[in-house]
Amino acid sequence: MSGTLDLRLRIWRQDGPGAPGAFQDVEARGIPADASFLEMLDIVNERLLDEGIEPVTFAHDCREGICGTCGVMINGRAHGPERATATCQLHMRSFADGDEIVVEPFRAASFPVVKDLMVDRQAFDRIIEAGGYISAPTGSAPDANETPVPKEAADFAMDAAACIGCGACVAACPNSAAQLFTAAKLGHLNVLPQGQPERWRRTEALVETMEEFFGSCTNHGECREACPKEISLDFIALLNRDYLKAKVKNRRLAARA
Amino acid sequence: MNAAALDASVPEGPLADKWDNHKFSLDLVNPNNKRRFEVIVVGTGLAGASAAASLAELGYRVKAFTFHDSARRAHSIAAQGGINAAKNYRNDGDSVFRLFYDTIKGGDYRSREANVYRLAQVSANIIDQCAAQGVPFAREYGGLLANRSFGGAQVSRTFYARGQTGQQLLLGAYQALAAQVAAGKVALHTRSDVLDVVVKDGEACGIVVRDLLTGEVRAHRGHAVVLATGGYSNVYYLSTNAMNCNVTAAWRAYRRGAAFANPCYTQIHPTCIPAGDEFQSKLTLMSESLRNDGRIWVPRRMDDARSPETIGDADRYYYLEEKYPSFGNLVPRDVASRNAKTVVDSGMGVGPLRNGVYLDFADVVARDGEQAVREKYGNLFDMYQRITGEDPYRAPMRIYPAVHYTMGGLWVDYNLMTTIPGLFAVGECNFSDHGANRLGASALMQGLADGYFVLPYTIGGYLAPRLGRPPPPADDPVFSEAVAAVADRTRRWLAVGGTRSVDHYHRELGRIVWDHCGMARSRAGLEKALSEIPALREEFRADAKVLGTADGVNQALEKANRVDDFMELAELMAQDALHREESCGGHFRTEHQTPEGEALRDDDNFAYAAAYFWPGPDRPGRLEREPLEFESVTPTRRSYK
Ligand SMILES: Cc1cc2nc3c(=O)[nH]c(=O)nc-3n(C[C@H](O)[C@H](O)[C@H](O)COP(=O)(O)OP(=O)(O)OC[C@H]3O[C@@H](n4cnc5c(N)ncnc54)[C@H](O)[C@@H]3O)c2cc1C
Ligand code: SF4
Ligand code: FES
């Protein structure tokens, strides 16, 4: 496939976290249909520079859908119109000649705008730091095959662990909830035999840290629609079940101590 | 001259005992004293995150730095295929010695035996460590670990987590790091660009960091500095590396006195999606596990315009299978890449730009069914379809080699210490272990070996005798001078007021390096590169156009510093490639090949690591040689026939 598109872009410009922002209209002519969305922005940026206008800041790195750095709202949708596709994997052949495209940063109270389309997602790291790990200090591990992991459990864990931490789930959610991200980490660690000793502690800590930063889940399911890795809502069900159990178990453990 | 500068500190004794003996002989830091030492770790990829977490667990105070917004985003996340380990779980004859031997041979006898042997030894521990962290490796139905065989190996020793092995290993290391951050043992500085290393009285004592959010430049002090900053493939502009990978930290260390070794050893990965147009910003790798089942071919007739499915076997040239009957499509990367170049250069390439070869799954689909292929390679096929708009279940994919990995890097001794005492280098940014060519699934192994199991021991040997000797005080001029130099250099870009973007100059540089110091190199080409690069660098410095401010986020400004360092590195690469009058591994000099077009090594004259020292601006690097001695293997010509 080839050919080019003439597009009208409305791009969000904002100097810094506190600064007021506004849309800038940019005519983008002759954009190759085979270019990726971010390559389209590269082309636009080269042209802005030629005109003496500071290029648009946007976050990106791997450009193959795995690092989770990229992510913008494209016509109101996190990562744009294609299913299971991060912004960097979206190609311009998904658009039509003459389209108007509105490009904005992910919007959520816990993801403040850094500049233009770039946001700060450190709140996700705080959730992981709260207990999104299995404590296994270097050197202490037994032979890997001493702990068999049923294939189904490994596959289930891998489905959840595929999350790239992009934040589209939060951006898509009307409440800016981070249930899908948090559930993905619990889904990864809570079903593995290695993850059992810390299961209840981890669940409570992750959920409560999540609640400090993010809104509450009212089961809209928009997160799953936006998720580039199609993380399943079933993991949220597991999160809810494990959280209830964790409250009871942790209370009992505390009483015993 | 100055032979002591390259003392590799390889321990005495039989190969198999060296590491154990060395661990025993290293000075130990008493547990209570570890917290008196502050260690700076730059980079949070596999090597950096594993090192930072392990050092903190031991009790050292660690400061970790990354330019990314989160430690989890390091380029290691993108590795797809797998990680090697000599577990011999498949009972197919693998062993520490075989992994060692394969790595030495794969590296075309240009690596240090003792380091490689240690790598093979600790490989098994890595899998144990990662499984304990909850890395969801692929499993058999019985719950035990699964393996696959991987480019260049005749045993199945590769562990994997679907097509996302790097992601899962990095998340394991990142989570271990997060635990230490939460425990207050690691101070993690994200969005922090390290732009210089501080050296006083010949010892590393800190770094200079630019805060990417505020533009503030400041120094951080430490008793030791560990660089884990990845490879320099982006010197070629187009590569499979993430867009922000760069050589700056390593290059600045070079300018402070650390030797840079074998810069011309770069690896081209045979299975990438061919480049499209000018706007193309990076190349995408398709895991070479695809070569286990896919068959590589081009039409025998150059003018064959039929669509590939309709071309019969007799009219297909399965060039790898024909030339290398015993390894076929599984020959090592350099051999596979060079053969693709040969067929494309001879006009037999396929696709609209005739710049690819076919990778065909029709036979496997017929044998095992589409579902089986989907299970094994589904995510790779999806990725191909997304990028090209073509369906690989219906027609063969088109692939072509792309720059992927750099074996060269900071020279390190057996302790992973550079020629600057107190400055260590781990992971892809050092030169160790892979010689002139890296085997598939061995970079993840090396990064984690360095970070989890080697550096945490060896750094103790450096620190132990330094108890009670703090780094220079914060107000020492060595820090303020380094900070001022970085701030000046950064601001200078805004004052140039040139006409062309930084990307433009990066693209131009990439073209020169790819054409003359890429898959095939010649004296004439390298001499041309050596005259073009300095001219381009001067033009870049006088004509780059960078807008905005130095006091906040400015991506073009960040990139200007990086491209500037790539320009200098490119020259050293060409110098090294020109001096190495032989072909070995990824370094192929057209003047040095067999009549069949295979690489022709010259062990009599070039069995050494070439380590360069910075001689001051605008002068060629000063070469020192570390001779490579082979006691346990006999260098032979690699043959994959
Ligand atoms: C697409 C792809 C697939 C691959 N697949 C495989 C595979 O299947 N198996 C395998 O073994 N290998 C594979 N490799 C190679 C392997 O992924 C890398 O060699 C390895 O991950 C490098 O790890 P690292 O920790 O050394 O560096 P990286 O992961 O690159 O990390 C570098 C870190 O340093 C930081 N950094 C760099 N410079 C600075 C600076 N100046 N200031 C602050 N921070 C800085 C970065 O932020 C980052 O945190 C693959 C590579 C690619 C490109
Ligand atoms: S759950 Fe999906 S949308 Fe949310 S951070 Fe993970 S990958 Fe992104
Ligand atoms: S840039 Fe890495 S996921 Fe998009």
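Residues numbered from 1 in each chain as written. Chains lettered and ligands numbered in written order. Predicted model: local features only at pLDDT ≥ 70, side-chain atom pairs only at ≥ 80, totals over all residues. Heavy atoms only, no water.

## Things to note about the overall build of chain B
From N to C terminus, chain B includes 18 helices and 19 strands. Computed over its C-alpha atoms, the radius of gyration of chain B comes to 24 Å, within 12% of the 26 Å expected for a compact globule of 641 residues. By its C-alpha atoms, chain B is 75 × 60 × 50 Å across when sized along the principal axes. Across the 641 residues of chain B, 66% fall into the buried class. In chain B, once contacts between residues fewer than 6 apart in sequence are set aside, the share between residues at least 24 apart is 74%. Of the roughly 21400 Å² of accessible surface on chain B, 50% is carried by carbon and sulfur atoms. (Helix = DSSP H or I, 4+ residues; strand = E, 2+ residues; numbered from the N terminus. Rg over C-alpha atoms; globule rule 2.2 N^0.38 Å. Buried < 20%, exposed > 50% of the residue type's maximum accessible area, 1.4 Å probe, protein only. Contact = heavy atoms within 4.5 Å. Areas by Shrake-Rupley, 256 points an atom, 1.4 Å probe, with all protein chains shown as cover.)

## Concerning the pattern of salt bridges
Using the criterion set out here, one finds 77 salt bridges over all chains in the structure. Here B:K87 makes a salt bridge to A:D143, at a shortest N to O gap of 3.0 Å. Within this pair, whereas B:K87 is found in the loop between β3 (83-84) and α4 (96-106), its partner A:D143 is found in the loop between α2 (122-129) and α3 (151-161), the two belonging to separate chains. Exposure remark for B:K87: the relative accessible area of 13% places this residue in the buried category. Residue classification places A:D143 among the partly exposed residues on the basis of a relative accessible area of 29%. Note that B:R523 is salt-bridged to B:E581, the shortest N-O span being 2.6 Å. With B:R523 in helix α16 (residues 523-543) and B:E581 in the loop between α17 (555-579) and α18 (603-606), this residue pair connects regions lying 58 residues apart in the sequence. (Salt bridge = Lys/Arg side-chain N within 4 Å of Asp/Glu carboxyl O.)

## Observations concerning the domain arrangement of chain B
Residues and elements named next belong to chain B. Split into domains, chain B comes out as domain 1 (34-268 + 422-466), domain 2 (270-404) and domain 3 (480-603). Regarding the contact of domain 1 and domain 2, the summed buried area is about 2300 Å², with carbon and sulfur atoms giving 54% of it. Looking only at domain 1, the three residues that lose the most surface to domain 2 are Q80, T240 and I268, adding up to 29% of its buried area. Inspection of the domain 1/domain 2 interface yields zero salt bridges. Taken together, the residues of the side of domain 1 that touches domain 2 sort by class into eight nonpolar, 15 polar and two charged. (Domains from an automatic or database assignment. Buried area = accessible area lost by both parts, 1.4 Å probe. Nonpolar A, V, L, I, M, F, W, Y, C, P; charged D, E, K, R; others polar.)

## Considering the sheet that holds strand β1 (residues 38-42) of chain B
All names here are of chain B. The five strands lie next to each other as β5-β2-β1-β9-β17, forming an open sheet whose pairing is parallel. Since the sheet does not close on itself, it has two edges, and those belong to β5 (186-189) and β17 (423-425), each with one partner. The average angle at which neighbouring strand axes cross in this sheet is 20°, direction not considered. Inspection of the sheet shows β1 paired to strand β2 (residues 61-65) by five bridges, in the parallel sense. Within β2, the residue paired with V39 across the bridge is V62. Lying over the sheet, helix α13 (residues 443-463) contacts β1, β9 (224-227) and β17, oriented at roughly 150° with respect to β9. (Pairing = 2+ DSSP bridges. Axes fitted to C-alpha atoms, helices over the stretch in contact; angles between N-to-C directions.)

## Quick notes on the interface of chain A and chain B
A common measure of how large an interface is: the accessible area buried when the components associate. Each partner contributes to the interface: chain A provides 75 residues, whereas chain B provides 72 residues. Around 5900 Å² of area is buried between chain A and chain B when both sides are counted, 51% of it from carbon and sulfur atoms. Here chain A and chain B share six salt bridges between them. If you look at where chain A meets chain B, you find 43 residue pairs in polar contact (both at pLDDT 80 or more). Looking at the side of chain A that touches chain B, the elements with two or more residues in it are α1 (37-50), β6 (113-115), β7 (118-119), α2, α3 and α5 (179-190) of chain A. In the side of chain A that touches chain B, the residues fall into 36 nonpolar, 18 polar and 21 charged. (Polar contact = N/O pair within 3.5 Å; in protein donor to acceptor, adjacent residues only side chain to side chain.)

## So, the site of ligand 2
The environment of ligand 2 is made up of 13 residues, and the closest members are A:C163, A:C166, A:G167, A:C169 and A:C227. At the level of elements, α4 (168-172) and α5 of chain A are the ones that each hand at least two residues to the shell around ligand 2. (Near = heavy atom within 4 Å.)

## Side note on the packing of helix α15 (residues 502-517) of chain B against α16(B)
Residue and element names in this part refer to chain B. One way to put it is that α15 packs onto α16 with a least axis distance of 9 Å and a crossing angle of 175°. Judged by the angle between their axes, α15 and α16 are roughly antiparallel. Taking contact as the criterion, the partners of V502, Y505, E508, L509, I512, H516 and C517 in α15 are, on α16, G525, L526, K528, A529, E532, I533, L536, E539, F540 and D543. The residue makeup of the contact of α15 with α16, split by class, is ten nonpolar, two polar and five charged. (Parallel < 35°, antiparallel > 145°, perpendicular 65-115°, else oblique.)

## A few points about the state of the cysteines
Covalently bonding the sulfur atom of one cysteine to the sulfur atom of another cysteine gives a disulfide. Residues and elements named next belong to chain B. Applying the stated criterion across every chain yields a total of zero disulfides over all chains. Lacking any disulfide linkage, C264 is separated from the closest cysteine sulfur, that of C517, by 6.3 Å. Owing to a relative accessible area of 0%, C264 belongs among the buried residues under this scheme. Counting only cysteine sulfurs, C264 is the nearest neighbor of C584, a cysteine outside any disulfide, at a range of 6.7 Å. (Disulfide = S-S within 2.5 Å.)

## With respect to α3(A)
Within the sequence span of α3(A), burial applies to A:K151, A:A153, A:A154, A:A157, A:M158, A:A160 and A:A161. Turning to α3(A), the residues buried within the fold contact α5 and α8 (234-256) of chain A together with α6 (165-182) of chain B.

## Notes on the nonpolar core
B:I83, B:V235, B:F260 and B:I459 are the most contacted members of the largest nonpolar core, which has 229 residues in total. In this structure, B:V235 is in contact with B:L509, B:G510, B:V513, B:F566, B:L569, B:A570 and B:M573, ignoring residues within four places of it in sequence. The next biggest cluster of nonpolar side chains, apart from the first, holds 30 residues, and it includes A:L5, A:L7, A:V26 and A:A35. (Core = buried A, V, L, I, M, F, W, Y, C linked by side-chain atoms within 4.5 Å.)

## A word on the pairing of strand β8 (residues 217-221) of chain B
All names here are of chain B. Where strand β7 (residues 203-211) meets β8, five bridges bridge the pair, whose relative direction is antiparallel. Paired with R210 across the strands is V217, a residue of β8. Here β7 hands over to β8 after five residues, with G215 in that stretch at a positive phi of 80°.

## Here we look at helix α1 (residues 18-25) of chain B
Residue and element names in this part refer to chain B. Residues of α1 that are buried: K18, W19 and H22. Summarising the axial view, the buried residues of α1 lie within an arc of 90°, below the 170-degree limit, and thus occupy one face. Turning to α1, the residues buried within the fold contact α5 (113-133) and α13. (Arc of directions from axis to C-beta.)

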